[in-house]
Amino acid sequence: MSETGKALSTGWRMALTPAGAAADPAALQDLSDFLDAPVPGTVAGALERAGRFDRTAPEPLDHLDAWYVLDLSGEAPGDAVLHFDGLATITEIWWNGALVHACDSMFVRHDLPVTLTGSDRLALCFRALKPHLEKRGPRARWRPQMITPQGLRLVRTTLLGRMPGWCPEVHAAGPWRPVRLSRPTPAHASDIRLSARLHENGKGQLEIGFTLDCATTPRVECGGVSVEAIANGDHSFSASLTIPHVEAWWPRTHGAPVLHDIWLVVDGARHKLGRTGFRRIEIDRGADGRDFALIVNGARVFCRGAVWTNADIVDLPGERARYEPLLTLAAEANMNMLRIGGTMAYETPDFFALCDELGLMVWQDFQFANFDYPANDPAFIETVRREASQFLDATAAAPCLAVLCGGSEIDQQAAMLGLPEAAWAGPLTRDILPALVAAHRPDVPYVENAPSGGAMPFSPNAGVTHYYGVGAYCRPLEDARRAGVRFAAESLAFANVPEQPTLDSHLPVPAVHDPRWKARVPRDRGASWDFEDVRDHYLGLLYGEDPARLRRENPARYLDLSRAAVGEVMEATFAEWRRPQSTCNGALVWTFQDLLPGAGWGIVDATGLPKSAWHALRRAFRPVQIVLSDEGTNGLDAHVINDSADERHLTLELTCLRHGRQPVVSGRRELALAPHAALTLPATELFGAFFDTTYAFRFGAPAHDVTVGRLVDTDGAVVAEAFHFPRGRAAAVPAKLTAMLHQDAKGWVLDLSAERFAQSVAIEAESFLPSDNWFHLAPDSVKQIRLAPRPGTDPATRPSGDIRGLSLESITAF
């Protein structure tokens, strides 16, 4: 629950020694090479601040011991508790020269009673991890290729920095989570335990327990209900509140993420214990057990979002200020779910509190991936029990926690190496972890492993998959339907090119050909291709260009086509998956943010600037959406989706354009769409007569080159647009664009219009983020783009920049 005590964040000094060179703090007396070190923080972070570490060319750290020393002079004498929220990884805690505790997991918290004298010294020794990784353990049934070394299966530490080709090889070491000092405070509640439920009848149920040293019986209040706590002896209290007609917590796409404060009233004084939300989450696996859909508060939710990596690969931060800009971008992209995979690290309660507020569900893997873990080692399993229990208790109040998963690609790894099903997993994910979930968070569904559920764990047509048919495996766009995806916990990995300002500032080298560029492009270890090759495949497929030739002869256009291609593929794939007739119930893109500037997997670059893929997904994830699907000789279908909690009155407009300008046929329909509902209409039903919208019959030359679908609300505002290209995207007609910059009460606005259909229009405005980018612009209408100042921009700054597009005749300045 809530953190207490004084943060011990300043005054720390750090020194590095060869492994085992200093047996105790006394051996540090002759060292002079101490650095100031922030806490929470990492060894790499302290070195980087001193100019002695380069994240773009990281040197190994796991062969060194790191000592952190803090003098607590001036603290009042008396009893206290030292709290260590995370120590990476093999750690000794020394108090006034004596070894008082040792630990071997970066995921376990420790509380250490001490007696303060007024002149105390705390020393933490983070022993070199390399000797521990070289130790031999129980024989593994398989050995994954992507993670090195194999000894990581025996040590409870993050796999970030240990996956060559995936991320920078920055080794995690140091006090990566806060160190705090607390003293006994009788009037302060501690050991807070709670659970919040939403019953099918709409009642909220709050169960809470806490420890409090008080003479009178306290009361607990939440949601307008107040009850007297029950004394259980030893200063222990509990309370049960039933809240009729409670306002439920919803994922942001489907309603409001309502949170309720919890108050403790003691002797008339109110103390805030925390806050929570009431929701009910279930998994629907269908009548045959092969489906996978999240049902939230009785409504089927299409989950969309991305896989979280980390806010900073060097610092591994856990503060709200470091999370907030990124999580806000996730919310602004109309996401409703983030996944923390088993190759990452547990995030802090601040992360979950922000997700609670923003209405972002969290799919949380326990931190296990690919390896055959020693589930029969009692010491290992005891550490796992503490790790999992502490995490679940720390996030007990979080309604955003939607799925708990035993790990990533454990079953898949075994299956792909030819092992029988009996060897795919063991008691860790099938018995131990689900039992802990049932005991600590029974309100959260548990999934044994991702992927899992099909004939093979990675079969996309059953259960949970990691889908890269469209993407890494270079399948045609139609494979998104053919594969019969039910739920993709990972999907659509591309080497996404950042915007040009990021490249100019952080990677000013020739694209693709320079080794420094290529070093930032992700690849699977041992593969003969990388994810830039994947992107190039779809560039050629969509635009009929030769990527190799294009990047030699016109590198700027090559990069723009690369940015456009990934966005188009992502929009097209999610359009397929969000059709009402689709088997898919959700998909998460790999990954949310880059760890270094470059063409990484992230849809947000390492500086926090959205890439073209982010803008594409923002459109694809709209709660109120129109989707056009090519049904061959059945024609073009228009699908209208209303995920929101309100009935929407909309006008559906459909127009086929010749030469990007001349309407050939059009139709419209007034719609009233209920909450959490969808509707499919054939284009011919809108037109009132046959028209070959998909150019499937091919009676002569194609009559049009683009179909524009549009949803308009009762105020005349465009809610969503969709486009279909019967002749392909390469058939774009050159267009001219007009731009006008003006300011209204809300800020700066660009009014854009074109006399012909303009394809993949991109706005580059220094220090400003456009409300949409890499979008198609229909003719004879004005599209308003808001320009929001990025953090640190002077409010008086007037935006300026350029507008370009794949089919625009020239660049337009504003």
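Below is a short write-up of the structure.

Scoring rules and cut-offs
- Residues numbered from 1 in each chain as written.
- Predicted model: local features only at pLDDT ≥ 70, side-chain atom pairs only at ≥ 80, totals over all residues.
- Heavy atoms only, no water.
- Helix = DSSP H or I, 4+ residues; strand = E, 2+ residues; numbered from the N terminus.
- Rg over C-alpha atoms; globule rule 2.2 N^0.38 Å.
- Buried < 20%, exposed > 50% of the residue type's maximum accessible area, 1.4 Å probe, protein only.
- Contact = heavy atoms within 4.5 Å.
- Areas by Shrake-Rupley, 256 points an atom, 1.4 Å probe, with all protein chains shown as cover.
- Axes fitted to C-alpha atoms, helices over the stretch in contact; angles between N-to-C directions.
- Left-handed = near helix turned anticlockwise from the far one by under 90°.
- Nonpolar A, V, L, I, M, F, W, Y, C, P; charged D, E, K, R; others polar.
- Pairing = 2+ DSSP bridges.
- Salt bridge = Lys/Arg side-chain N within 4 Å of Asp/Glu carboxyl O.

### Here's the deal with the overall build of the protein chain
Phase 1 of the analysis: If you tally the helices and strands in the protein chain, you get 15 helices and 44 strands.
Phase 2 of the analysis: Against the 2.2 N^0.38 benchmark of 28 Å for 814 residues, the protein chain shows a C-alpha radius of gyration of 28 Å, consistent with a compact globule.
Phase 3 of the analysis: Dimensions along the principal axes, computed over C-alpha positions, put the protein chain at roughly 90 × 65 × 60 Å.
Phase 4 of the analysis: Buried residues in the protein chain amount to 59% of all 814 residues.
Phase 5 of the analysis: A separation of at least 24 residues holds for 68% of the contacts in the protein chain among residues at least 6 apart in sequence.
Phase 6 of the analysis: Of the roughly 31600 Å² of accessible surface on the protein chain, a fraction of 50% belongs to carbon and sulfur atoms.

### Some details on the packing of helix α5 (residues 378–394) against helix α7 (residues 427–440)
Phase 1 of the analysis: Across the interface, α5 lies against α7 with an axial gap of 10 Å and an inter-helix angle of 35°. In this structure, the crossing between α5 and α7 has a hand that is right-handed. Mapping the contact onto sequence places Ile381, Val384, Arg385, Ala388, Ser389, Leu392 and Asp393 in α5 and Leu428, Ile432, Leu433, Leu436, Val437 and His440 in α7.
Phase 2 of the analysis: Considering only residue class, the contact of α5 with α7 consists of nine nonpolar, two polar and two charged.

### Things to note about the sheet that holds strand β34 (residues 677–682)
Through backbone hydrogen bonds, the strands of a sheet pair up, either in parallel or in antiparallel fashion.
Phase 1 of the analysis: The three strands lie next to each other as β30-β31-β34, forming an open sheet whose pairing is antiparallel. Every interior strand has two partners, whereas the edge strands, β30 (624–630) and β34, have only one. With strand direction ignored, the average angle separating the axes of adjacent strands in the sheet is 20°.
Phase 2 of the analysis: Two elements, β30 and strand β31 (residues 636–642), share seven bridges in a ladder whose sense is antiparallel. By the bridge assignment, Ser629 is partnered in β31 with Asp637.

### Some remarks on the pattern of salt bridges
Phase 1 of the analysis: In this structure the tally under the stated criterion is 61 salt bridges.
Phase 2 of the analysis: A salt bridge links Asp560 to Arg563; its shortest N-O distance comes to 2.9 Å. Taken as a pair, Asp560 and Arg563 lie in helix α13 (residues 555–578) at a separation of three residues, close to a single helical turn.
Phase 3 of the analysis: Notably, a salt bridge pairs Glu653 with Arg668, separated by 3.3 Å at the nearest N-O pair. With a gap of 15 residues between them, Glu653 in strand β32 (residues 648–658) and Arg668 in strand β33 (residues 662–673) connect regions that are remote in the sequence.

### So, the pairing of β30
Phase 1 of the analysis: Of all seven residues in β30, six are buried; the element is thus mostly enclosed.
Phase 2 of the analysis: Linking two consecutive strands that pair antiparallel, namely β30 and β31, is a turn of five residues; a positive phi of about 65° is found at Gly632 within it.

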